[in-house]
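Here's the letter readout for the chains.
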Amino acid sequence: HFFHRYLKEGEAALEQAMTSVGRAIMLTSLTTMIGFGSLYFYMMEGMASLGVILFLGVGLCFVVTVFWLPALSVLCRRWLFKN
């Protein structure tokens, strides 16, 4: 969703693209993290540890999407359209 908005708006509107799509990414990540995090309270240790790993994985994906993806997209766009 971020790339689509970024390509539609252009590099000048990177901040606008990130704030509008960023809220949706944050909400979906938080609800998914809450769902997987609730597995921590499961009786079976295997399911509980799986819930913790998935909770951390979704959180890390959110961090990468919010911080690395905009920077990487600007660098790639400048590198691809250098000529």
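None of the values given here were measured: they were computed from a predicted structure.

Draft legend 1. Structural detail: the overall build of the protein chain. Within the protein chain one finds 3 helices and 0 strands. Helices and strands in the protein chain line up, N terminus first, as α-α-α. Structurally, the protein chain occupies a C-alpha span of about 60 × 20 × 15 Å along its principal axes. For the protein chain, the proportion of its 83 residues judged to be buried stands at 27%. Pairs at least 24 apart in sequence give 53% of the contacts found in the protein chain among residues at least 6 apart. As presented, the protein chain carries roughly 6,400 Å² of accessible surface, and 72% of it is formed by carbon and sulfur atoms. Positive and negative side-chain charges in the protein chain, numbering 6 and 4 respectively, have mean positions lying 11 Å apart.

Draft legend 2. Representation of a nonpolar patch on the surface. Taken together, the side chains of Tyr-40, Phe-41, Val-52, Phe-55 and Leu-56 make up a nonpolar region of the molecular surface, amounting to roughly 530 Å² of accessible area. Tracing the chain through its elements places Val-52 in helix α3 (residues 45–80).

Draft legend 3. Spotlight on the packing of helix α1 (residues 2–9) against α3. At a minimum axis separation of 11 Å, α1 and α3 run at an interaxial angle of 45 degrees. Accordingly, the angle class assigned to the pair α1 and α3 is oblique. Relative to α3, α1 is oriented so that their crossing is right-handed. Every residue of α3 that contacts α1 at Phe-2, Phe-3, Tyr-6 and Leu-7 is listed here: Leu-69, Pro-70, Ser-73, Val-74 and Arg-77. Tallied by class, residues from the contact of α1 with α3 come to 7 nonpolar, 1 polar and 1 charged.

Draft legend 4. Representation of the packing of aromatic side chains within the structure. The final tally for this structure, using the stated rule, is 1 aromatic pair. Relative to Phe-41, the ring of Tyr-40 lies with its centre 5.3 Å away and its plane at 80 degrees, an arrangement referred to as edge-to-face. Note on accessibility: Tyr-40 and Phe-41 belong to one class, exposed.

Draft legend 5. Here's a closer look at the confidence of the model for the protein chain. When pLDDT is averaged across the protein chain, the result is 85; 98% of the residues are at 70 or more. Within the protein chain, the lowest mean pLDDT, 74, falls on α1, and the highest, 88, falls on α3.

Analysis parameters
- Residues numbered from 1 in each chain as written.
- Predicted model: local features only at pLDDT ≥ 70, side-chain atom pairs only at ≥ 80, totals over all residues.
- Heavy atoms only, no water.
- Helix = DSSP H or I, 4+ residues; strand = E, 2+ residues; numbered from the N terminus.
- Buried < 20%, exposed > 50% of the residue type's maximum accessible area, 1.4 Å probe, protein only.
- Contact = heavy atoms within 4.5 Å.
- Areas by Shrake-Rupley, 256 points an atom, 1.4 Å probe, with all protein chains shown as cover.
- Lys, Arg positive; Asp, Glu negative; His and termini not counted.
- Charge placed at Lys NZ, Arg CZ, Asp CG, Glu CD.
- Patch = residues over 30% accessible without salt bridge, like charges linked within 9 Å, V, L, I, M, F, W, Y side chains within 5 Å.
- Salt bridge = Lys/Arg side-chain N within 4 Å of Asp/Glu carboxyl O.
- Axes fitted to C-alpha atoms, helices over the stretch in contact; angles between N-to-C directions.
- Parallel < 35°, antiparallel > 145°, perpendicular 65-115°, else oblique.
- Left-handed = near helix turned anticlockwise from the far one by under 90°.
- Nonpolar A, V, L, I, M, F, W, Y, C, P; charged D, E, K, R; others polar.
- Phe/Tyr/Trp six-rings, centres within 6.5 Å; stacked < 30°, edge-to-face > 60°.
- pLDDT = per-residue confidence, 0-100.

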